[in-house]
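Breakdown of the fold
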Amino acid sequence: MADAVGCGIPNQNTPQGYYNIERMLKSVILKGGIVKACGTCMDARGFTDLKLMDGVERSNMKELTELTLTSEKVITF
């Protein structure tokens, strides 16, 4: 959500010693994690036609609600 939708952009090139969010997300995806990006937030930042990295899917608030209701974990913002 919000500016975090930029984390799903592929081919990130971070300086030595900085976190590489793409690498972190790939690790989550390889372990079966679900990674979604808010479509409304993407549109607001001009990412409408941007291809996200493999395993990251464009989503919406309805899907977030469904995922939250079926989750066994606590979600905080």
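**Describing the pairing of strand S2 (residues 56–59)**
For a regular strand, the rule is simple: side chains alternate between the two faces of the sheet. Summarising the sheet, strand S1 (residues 35–38) and S2 pair through 4 bridges and their orientation is parallel. Residue Cys38 lies in a different strand from S2, and its bridge partner there is Ser59.

**Digging into the confidence of the model for the chain**
Across the chain, pLDDT averages 90, with 100% of residues at or above 70. Of all helices and strands in the chain, the one with the weakest mean pLDDT is helix H3 (residues 61–70) (91), whereas S2 scores best (94).

**Focus: helix H1 (residues 21–30)**
At the N-terminal end of H1, a side-chain oxygen is found 3.1 Å from the backbone nitrogen of Glu22, two or three residues along, and the residue is Asn20. Backbone geometry just downstream of H1 places Gly32 in the positive-phi region, at approximately 90°.

**Considerations on the nonpolar core**
Within the largest apolar cluster, 11 residues are counted, these being Val5, Leu25, Val35, Ala37, Cys38, Cys41, Met42, Phe47, Leu52, Met53 and Val56. Looking at this core, the elements that each hand over two or more residues are S1 and helix H2 (39–44). The biggest single contributor to this core is S1, with 3 residues. Sequence-distant contacts of Cys38, defined by excluding residues within four places in its chain, comprise Met1, Val5 and Ser59.

**A few points about the pattern of salt bridges**
In this structure the tally under the stated criterion is 6 salt bridges. Arg58 is paired through a salt bridge with Asp43; the nearest N and O atoms lie 2.8 Å apart. Note that Arg58 is positioned in strand S2 and Asp43 in helix H2, a separation of 15 residues in sequence. When its relative accessible area of 40% is taken as the criterion, Arg58 is described as partly exposed. Among the salt bridges present, the one from Lys51 reaches Asp54, with a minimum N-O distance of 3.3 Å. The residues Lys51 and Asp54 share a single accessibility class, namely exposed. If you follow the salt bridges from partner to partner, you end up with Lys36, Glu57 and Glu63 in one network.

About the cut-offs
- Residues numbered from 1 in each chain as written.
- Predicted model: local features only at pLDDT ≥ 70, side-chain atom pairs only at ≥ 80, totals over all residues.
- Heavy atoms only, no water.
- Pairing = 2+ DSSP bridges.
- Helix = DSSP H or I, 4+ residues; strand = E, 2+ residues; numbered from the N terminus.
- pLDDT = per-residue confidence, 0-100.
- Polar contact = N/O pair within 3.5 Å; in protein donor to acceptor, adjacent residues only side chain to side chain.
- Core = buried A, V, L, I, M, F, W, Y, C linked by side-chain atoms within 4.5 Å.
- Buried < 20%, exposed > 50% of the residue type's maximum accessible area, 1.4 Å probe, protein only.
- Contact = heavy atoms within 4.5 Å.
- Salt bridge = Lys/Arg side-chain N within 4 Å of Asp/Glu carboxyl O.

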